[in-house]
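# Close look at the chain arrangement
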Amino acid sequence: MSTATSTIFGLVFLGLGNASVFLMYKLWGYPFDHETRTSAAPRSLMLIHRLIGYAYAILYVFMMWHMVPRLWNYQIELPPRTVAHLMLGITIGVLLLVKITILRFFRHFEEAMPYLGTTLLLCTWLLIGLSVPFSLRETTLQTSAFSEDGMQRTRKLLTNAGLPPEAPLDQLATKRKLRDGQNTLRKKCVQCHDLRTILARPRIPSDWVRLVNRMTIKPVIGEPIGEKESWAVSAYLIAITPDLQIAMKEQRKQEIQSDMAQVAFQSASIPSPDAIQNPDSAVIQNPDDASYDPEEAQILFEDTCSQCHPLSDVDIAPPTTEAETGELISRMIDNGLFLLEEEIEIIARFLNETYVNQ
């Protein structure tokens, strides 16, 4: 079952749970004869409630039939979110079994049904809340990755991503191959990780390739990832990196606001070259005029900064002071960008001459 299909079934499952419980609340508002154990509620509403309950139970069995076998493909230790998802699924199954047993054999416990139904609805909300949002997030990441601009950008980045010479770079940046990479991510990568872990933060192309290569050589219980599949999933992860960057920016926004005063203070002065290895106090010094070429500096800037986000991001919010230039480069290094000392100096000077000292 694909992630999109599973998401649709999950939302339908949640809708059936809500309809069943709130209709149950209405039915329990009618007079109830304890002697004959019959309700004065309209038979049509009771029939609808019964049909919704059957549909809910059938859909639960159908989803568990497809989901449980996937657990055998996981490594020995399941991800925490998967464990919580599994426990909630088992709890729903137990509650359904108890409800059916009461209705068929122990009608004297029938007054407990509203409490069981409410608990069942709560578990359903928690179950869907643990899975659907992350599936929807991964699905929405397709928007820019599968566009013409996205595929062109991916094709360019693949040339310096560290893939082997035999990898068909032009084919990897097509919709078909990106779909193959997406399917590999959904079916095989989740054997060891859930999507939240995989999509936690963006990486530069070479890091994605190294990460996927490292995962492919690890022993797995299920079907391993083949070489061509590793190329495809690497290309897909590179393609969705800009969207991951946007999500990470939103997450870091509040953190940055709380640290602005401290960052501004640290960036207000230019540290010595000996502190270049410290991202929080990165060295921002201009290289000698004789070794500085503006055209080469622009190429270095574009090749480096376009790995994680569009260059237009800098045009929209450019640095206005040399201190902001230092803070910008320091933040990129914190996000995982690797630069040599000479490259930091060249990019800093390019930013200062392009945006600050123009």
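Everything discussed here concerns the structure shown above.
As a starting point, this report considers the structure included with it. Residue indices follow the written sequence of each chain, beginning from 1 at its first position. Note on the predicted model: pLDDT of at least 70 is required for a residue's local features to be given, and 80 or more for side-chain atom pairs to be given and counted; whole-chain, interface and lining totals, by contrast, use all residues. By convention in this description, side-chain values take in all heavy atoms of the structure and omit both hydrogens and water.

### Remarks on the overall build of the protein
Applicable threshold: By definition, any uninterrupted DSSP run of H or I lasting at least four residues is a helix, any uninterrupted run of E lasting at least two residues is a strand, and each is numbered from the N terminus. Relative accessible area decides the class of each residue, using a 1.4 Å probe on protein chains only: under 20% of the type maximum gives buried, over 50% gives exposed, and in between gives partly exposed. Residues count as neighbours in contact if any of their non-hydrogen atoms are within 4.5 Å of one another. Reported accessibility uses the Shrake-Rupley method at a 1.4 Å probe radius. Residues are deemed covered only where the shown protein chains occlude them.
Looking only at helices and strands, the protein has 16 helices and 2 strands in total. Out of the 358 residues in the protein, the part that is buried amounts to 40%. Considering only residue pairs separated by 6 or more positions, the protein has 76% of its internal contacts joining residues 24 or more positions apart. Only carbon and sulfur atoms are counted for the fraction: they give 61% of the accessible area of the protein, which is about 20500 Å².

### Section: the packing of aromatic side chains
As a reminder of what qualifies: Ring pairs shown here join Phe, Tyr and Trp side chains whose ring centres sit within 6.5 Å, with only the six-membered ring taken for Trp; geometry is labelled stacked below 30 degrees between planes, edge-to-face above 60, and tilted in between.
Enumeration over the complete set of coordinates arrives at 5 aromatic pairs. Ring centres of F13 and Y56 lie 4.2 Å apart, and the angle between their planes is 15 degrees; this geometry places the pair in the stacked category. Taken as a pair, F13 in helix α1 (residues 3-27) and Y56 in helix α2 (residues 43-67) lie far apart in primary sequence, 43 residues in all. Grouping residues by exposure puts F13 and Y56 together as buried.

### A word on helix α3 (residues 80-105)
Note the cut-off: The span expected for a helix works out to 1.5 Å for each residue beyond the first.
Taking 1.5 Å per residue, 26 residues should reach 38 Å; α3 reaches 37 Å between its end C-alpha atoms and fits that length. Among the residues of α3, those classed as buried are R81, T82, L88, G89, I92, G93, L95, L96, K99 and I102.

### Looking at the pattern of salt bridges
To keep it simple, the criterion reads: Salt bridges are defined by distance alone: a side-chain nitrogen of Lys or Arg within 4 Å of a carboxyl oxygen of Asp or Glu.
Within this structure, the stated rule accounts for 2 salt bridges. The partner of D207 in a salt bridge is R210, and the shortest N-O contact between them spans 2.2 Å. Highlighted residues: D207 and R210, both in helix α10 (residues 205-216), separated by 3 residues, approximately one helical turn. For R210, a relative accessible area of 48% puts it in the partly exposed group. With a shortest N-O distance of 2.6 Å, R349 and E353 are connected by a salt bridge. Remark: E353 and R349 occur in helix α16 (residues 341-356); sequence separation between them is 4 residues, near one turn of the helix. In this structure E353 comes out as partly exposed when scored by relative accessible area, which is 38%.

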